[in-house]
Amino acid sequence: GWSDHEAFEAHGVSSFWIEYREDPYYHSPADSFDKIQPALLNQTGHLLQGFLEGLDAAACQSLDAASNYR
């Protein structure tokens with residue numbers, strides 16, 4: 001359990017883990033919603049949108065086949 005996504009992957013739900021390594025609050029007592037940076041959240045949303053819109057059926061099948069949790 002290093003991150004929240006692992007429980008999903010353990011049950012066969014593919015997931016991605018995206019983080020900013022420069023987060024001094026990550027998994028600490030001070031890790032709370034008030035530390036969310038809207039600009040970084042927006043940037044991450046645009047990154048994911050571009051990635052997902054760029055996938056075709058073959059890429060989706062390739063990602064599914066590469067899953068380590070099946």
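That block above? That's the structure.
Nothing here was measured: the structure is a model prediction, and the numbers come from that model.

The next point concerns the overall build of the protein. Each helix and strand in the protein was counted, giving three helices and zero strands. Secondary structure of the protein in N-to-C order comes out as α-α-α. For the protein, whose C-alpha radius of gyration is 15 Å, the value lies well above the compact-globule estimate of 11 Å for 70 residues. Projecting the C-alpha coordinates of the protein onto the three principal axes gives extents of approximately 40 × 25 × 15 Å.

Right, let's get into the environment of Asp4. Here Asp4 shows up in the segment before α1 (5–10). The spatial distance from the C-alpha of Asp4 to the C-alpha of Leu41 is 17 Å, given a sequence separation of 37 residues.

It is worth spelling out unusual backbone geometry at this point. A positive phi angle is found at His27, which is not glycine, with a value near 55 degrees. Mapped onto the secondary structure, His27 falls in the loop between α1 and α2 (38–53). You can call His27 partly exposed: its relative accessible area is 42%.

Here the structure, examined in full by the defined rule, presents zero aromatic pairs. Across from the ring centre of Tyr25, 4.9 Å away, lies the NZ or CZ of Lys35, which sits over that ring.

Moving on: a nonpolar patch on the surface. Taken together, the side chains of Phe16, Ile18, Leu47, Leu48, Phe51, Leu52 and Leu63 make up a nonpolar region of the molecular surface, amounting to roughly 650 Å² of accessible area. Counting residues per element, the nonpolar patch draws most heavily on α2, which supplies four residues. Here Ile18 lies in the loop between α1 and α2. For Ile18, a relative accessible area of 40% corresponds to the partly exposed category.

Let's shift gears to the pattern of salt bridges. Across all of its chains, the model carries one salt bridge by this definition. For the salt bridge of Lys35 with Asp34, the shortest nitrogen-to-oxygen distance reads 3.4 Å.

Rules and cut-offs
Residues numbered from 1 in each chain as written. Predicted model: local features only at pLDDT ≥ 70, side-chain atom pairs only at ≥ 80, totals over all residues. Heavy atoms only, no water. Helix = DSSP H or I, 4+ residues; strand = E, 2+ residues; numbered from the N terminus. Rg over C-alpha atoms; globule rule 2.2 N^0.38 Å. Buried < 20%, exposed > 50% of the residue type's maximum accessible area, 1.4 Å probe, protein only. Phe/Tyr/Trp six-rings, centres within 6.5 Å; stacked < 30°, edge-to-face > 60°. Lys NZ or Arg CZ within 6 Å of the ring centre and 35° of its normal. Patch = residues over 30% accessible without salt bridge, like charges linked within 9 Å, V, L, I, M, F, W, Y side chains within 5 Å. Areas by Shrake-Rupley, 256 points an atom, 1.4 Å probe, with all protein chains shown as cover. Salt bridge = Lys/Arg side-chain N within 4 Å of Asp/Glu carboxyl O.

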